[in-house]
Amino acid sequence: MGVKPLIGIRVKLYSKGSGKWVESGGESAKFGLTTTEILECIKIIAEYNMLDQLQLLHFHIGSQITEIRRIQKAVKEAARVYAKIKVKHINIKYFNIGGGLGLDYDGSKTSSDASANYSIQEYANNVVYSLKEVCDEENVSHPIILSESGRAISAYHSVLVINIKGSKNGNLNRQVELRGNEPHIIKELYDGSKEINIKNYEEYYHDALLHREELLSLFNLGELELEDKSEGEILFWQICEKAAAFAKETQNKSDDFEDLNKLLSKKYIGNFSVFQSVPDFWAIKQLFPVVPISRANEKPTQYGTIVDITCDSDGEIDKFVDLKDVKEVLELHELNNGSYYLAVLMIGAYQDTIGDYHNLFGAANEAHIIIDDSGEWHIKQIVNGDRICDVLGYVKYNNSYLLEAFESEVNQALRENGLSKADADDILNNYKNVMNRYTYLDL
Ligand SMILES: Cc1ncc(COP(=O)(O)O)c(C=O)c1O
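What counts as what
- Residues numbered from 1 in each chain as written.
- Predicted model: local features only at pLDDT ≥ 70, side-chain atom pairs only at ≥ 80, totals over all residues.
- Axes fitted to C-alpha atoms, helices over the stretch in contact; angles between N-to-C directions.
- Helix = DSSP H or I, 4+ residues; strand = E, 2+ residues; numbered from the N terminus.
- Parallel < 35°, antiparallel > 145°, perpendicular 65-115°, else oblique.
- Left-handed = near helix turned anticlockwise from the far one by under 90°.
- Contact = placed C-beta atoms within 7 Å.
- Nonpolar A, V, L, I, M, F, W, Y, C, P; charged D, E, K, R; others polar.
- Expected span 1.5 Å × (residues − 1).
- Buried ≥ 20, exposed ≤ 12 C-beta atoms within 10 Å, placed from the backbone.

1. Observations concerning the packing of helix 2 (residues 68-86) against helix 3 (residues 120-138)
In step 1: Relative orientation of the contacting elements helix 2 and helix 3 amounts to 30 degrees, with a least axis distance of 9 Å. Viewed along their axes, helix 2 and helix 3 adopt a mutual orientation that is roughly parallel. The handedness of the crossing between helix 2 and helix 3 is right-handed. Side by side, helix 2 and helix 3 meet where Ile-68, Ile-71, Gln-72, Val-75, Lys-76, Ala-79, Arg-80 and Ala-83 of the first sit next to Glu-122, Tyr-123, Asn-126, Val-127, Ser-130, Leu-131, Val-134, Cys-135 and Glu-138 of the second.
In step 2: Along the lines of polarity and charge, the residues of the contact of helix 2 with helix 3 split into 10 nonpolar, 3 polar and 4 charged.

2. Quick word on helix 7 (residues 226-249)
In step 1: Helix length check: helix 7, at 24 residues, gives a terminal C-alpha distance of 35 Å against a target of 34 Å (1.5 Å per residue), a fit within 8%.
In step 2: Within helix 7, burial applies to Glu-231, Gly-232, Leu-235, Trp-237, Gln-238, Ile-239, Cys-240, Lys-242, Ala-243, Ala-244, Phe-246 and Ala-247.
In step 3: Buried residues belonging to helix 7 abut helix 5 (184-195), helix 6 (201-220) and helix 8 (255-264).
In step 4: Just downstream of helix 7 lies Gln-251, where phi reads positive at about 50 degrees.

3. A word on the packing of helix 5 against helix 7
In step 1: Between helix 5 and helix 7, the least distance of the axes is 9 Å, while the angle of their chain directions is 25 degrees. Taken together, helix 5 and helix 7 sit at an angle that is classed as roughly parallel. In this structure, helix 5 crosses over helix 7, and the sense of that crossing is left-handed. Listed contacts from helix 7 to Ile-185, Ile-186, Leu-189, Tyr-190, Gly-192 and Ser-193 of helix 5 are Asp-228, Glu-231, Gly-232, Leu-235, Phe-236, Gln-238 and Ile-239.
In step 2: Looking at side-chain class alone, the contact of helix 5 with helix 7 contains 7 nonpolar, 4 polar and 2 charged residues.

4. Thoughts on unusual backbone geometry
In step 1: The backbone of Met-346 shows a phi angle near 60 degrees, a positive value even though the residue is not glycine.
In step 2: Within the secondary structure layout, Met-346 lies in the loop between strand 13 (341-344) and helix 11 (351-354).
In step 3: Residue classification places Met-346 among the buried residues on the basis of 21 C-beta atoms within 10 Å.

Keep in mind these numbers describe shape, not what the thing actually does.
Structure (structure tokens):
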């Protein structure tokens, strides 16, 4: 068509990134040309008399690179390729360093998968310095640097706000009183629950674990009634709660008591779908910061995980960032009658587009917020999430056909089963209303 294209080459480097996306780089990477392929490519371009069009060298060694030295190594290797092309009197002038600039999701500033051990400034310094050093050694002019970091630019732009609708598990707050004729095992657990204190709590907790085993064995042998089992369990959980409180007071970080926190944690039921809004948590176990945004001036006293409203047991956020450690429970507030909101932060990169319609939960409602020149924030736009009929359409149900089929069933009931006209109208209106509702619980 008479157009001379501008040409850029992506090089496959030996240098790899680090972290979850390490396999995007290195010899077995999906993209990029090897040295032999680059030479072949240059030969073909020369045959077409288009060497002047070869203007850019590109590499990308993966997302969320956690270690600065990996970036240095990759830049040096690519810079050498760039310079060696340039000394062939080819007028290449752009050096594209790809993406991969890592973010500090867990706040640790380390090379853990959810962090990066460098700042943006350090990243920029390293790229410029390493590239300059190689170009100067090879005596070629310095290129224009392009970067295409996506995650680092977009992650902060989006926050998921989760409305907590309730919680489950945890203590039922029942008291057990001795009757005098209860089985021995109940008496043991009762005494344990009364006598546990800050000095003996480790031993009493271990005893309680054994007593619970015994309780189950006795029940399975038919020696206990349902009421006995229930009382034994209530007493067991009371001992656990007291032991956990003493462990916290004495800053006991042993595995036993970390596990106990998980055991005692509540499941907070959030009006969201992990698969739609934070799919990478499910798909690749990527960690995101999660924080309560209600009751910020009250100390959280309950451990919890966050379950979504899908019917999939994977729909649960149960790993949390805590500097370098990964925690299986989050400190949350005990629910009262007021509303309670949590926020999942830094979800602006990749989550929207990877999110799916598992269990037919659609896009969530969105508020687009801008900050004006004086620092004030404003809601610029509200975008309603998907309705039930929208999502049914995505999976190829024809909504008018569904309505017709439903209407014909209602009419048949009207004719043959004595359904009144008023009830038939009600049923149909209800159907139409439901189809237009949000796929999540209405607020
Ligand atoms: C070629 C290329 N450039 C840039 C990016 C953006 O990467 P990141 O979001 O990690 O900065 C990607 C992502 O996979 C990519 O494939």
